[in-house]
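Geometric and topological summary
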Amino acid sequence: MSPTALALVVAAAFCHAGWNLAAKRAGNGGPALLWLATLATSVLYLPVVLLSRPRVTWLVVGVTVVSAVLHLGYFLLLQRGYAIGDLSVVYPLARGTGPLLSVAVAVLLLGERPGWLALTGAAAVIGGILIVSGGGLGSAQRHHRKSLAFGIATGAAIAAYTVFDAHAVSALAIAPVLFDWGNNTARMLLLTPYAVKNLDRVRQVW
């Protein structure tokens, strides 16, 4: 991995942690938070997307909508886990399960062949996350059974969208900016009926 790619990953990790803290604080207002975030993203990204003059086909639209549904499922599972469990359990467990399943799917289904060093690094990251989540699965099962279940389910959703999105921007060569903008816009549209029916909660989260 190049230094630039590594720096981007680390910066994304800080942004992701901040987003999850906001999601936890939103409580039952998670869908309202997601609608507001996707609305803002759709508006802010639009000039960049238009300037890039992307090639939009029905395949691009279909793949983007599928990805949006996967991401929406992930967020709703995560938000439900936060509502009934601890951030310190659900988040690390989800982030540990996601890479574990993503690597397995990439090797078994996509034919990727990471070297032993890459696999060792992935295993170290996964193991560390599981330890941080509360000392292993046994402890989580005793004290946070529901948190455990939602953490693992969220991890499975993470693995699904990770592998799907990687295939979309690599094998299908969909422009990442267009793909991310379309993903956010589709999620915003899917959540708009909820936002319209829950305007008070949207205002509160805002």
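This text follows the structure it describes.
A short tour of the structure in this document, coming up. Since the structure is predicted, the reported quantities are computational estimates derived from the model, not experimental observations.

Some thoughts on the overall build of the protein
Per the secondary structure count, the protein includes nine helices and zero strands. Written out in order from the N terminus, the α and β elements of the protein read α-α-α-α-α-α-α-α-α. Expressed as lengths along the three principal axes of its C-alpha atoms, the size of the protein is roughly 45 × 45 × 30 Å. Looking at the protein as a whole, 33% of its 206 residues qualify as buried. Look at the contacts in the protein between residues 6 or more apart in sequence, and 85% of them connect residues 24 or more apart. Of the roughly 12,000 Å² that the protein leaves accessible, carbon and sulfur atoms contribute 71%. For the protein, the centre of its 14 positive side-chain charges and the centre of its 5 negative side-chain charges are spaced 5 Å apart.

A short note on the nonpolar core
Residues Trp-35, Tyr-74 and Val-202 are the most contacted members of the largest nonpolar core, which totals 20 residues. Filtering out sequence-adjacent residues up to four positions away, Val-202 remains in contact with Ala-32, Trp-35, Leu-36 and Ala-195. Grouped together as the second largest cluster of nonpolar side chains are seven residues, Val-49, Val-60, Leu-178 and Phe-179 included.

Comments concerning the environment of Ala-106
As for its placement among the helices and strands, Ala-106 is situated in helix 4 (residues 87-108). For Ala-106, a relative accessible area of 10% puts it in the buried group. Along the sequence, Ala-106 and Thr-192 sit 86 residues apart, while their C-alpha atoms lie 34 Å from each other.

Here's the deal with the pattern of salt bridges
In total, this model carries one salt bridge according to the counting rule given. Asp-200 serves as the salt-bridge partner of Arg-203, at 2.9 Å between the closest nitrogen and oxygen. In this pair, Arg-203 and Asp-200 both sit in helix 9 (residues 199-205), three residues apart, roughly one turn of the helix. Per residue, the accessibility class of Arg-203 equals that of Asp-200, and both read exposed.

Analysis parameters
Residues numbered from 1 in each chain as written. Predicted model: local features only at pLDDT ≥ 70, side-chain atom pairs only at ≥ 80, totals over all residues. Heavy atoms only, no water. Helix = DSSP H or I, 4+ residues; strand = E, 2+ residues; numbered from the N terminus. Buried < 20%, exposed > 50% of the residue type's maximum accessible area, 1.4 Å probe, protein only. Contact = heavy atoms within 4.5 Å. Areas by Shrake-Rupley, 256 points an atom, 1.4 Å probe, with all protein chains shown as cover. Lys, Arg positive; Asp, Glu negative; His and termini not counted. Charge placed at Lys NZ, Arg CZ, Asp CG, Glu CD. Core = buried A, V, L, I, M, F, W, Y, C linked by side-chain atoms within 4.5 Å. Salt bridge = Lys/Arg side-chain N within 4 Å of Asp/Glu carboxyl O.

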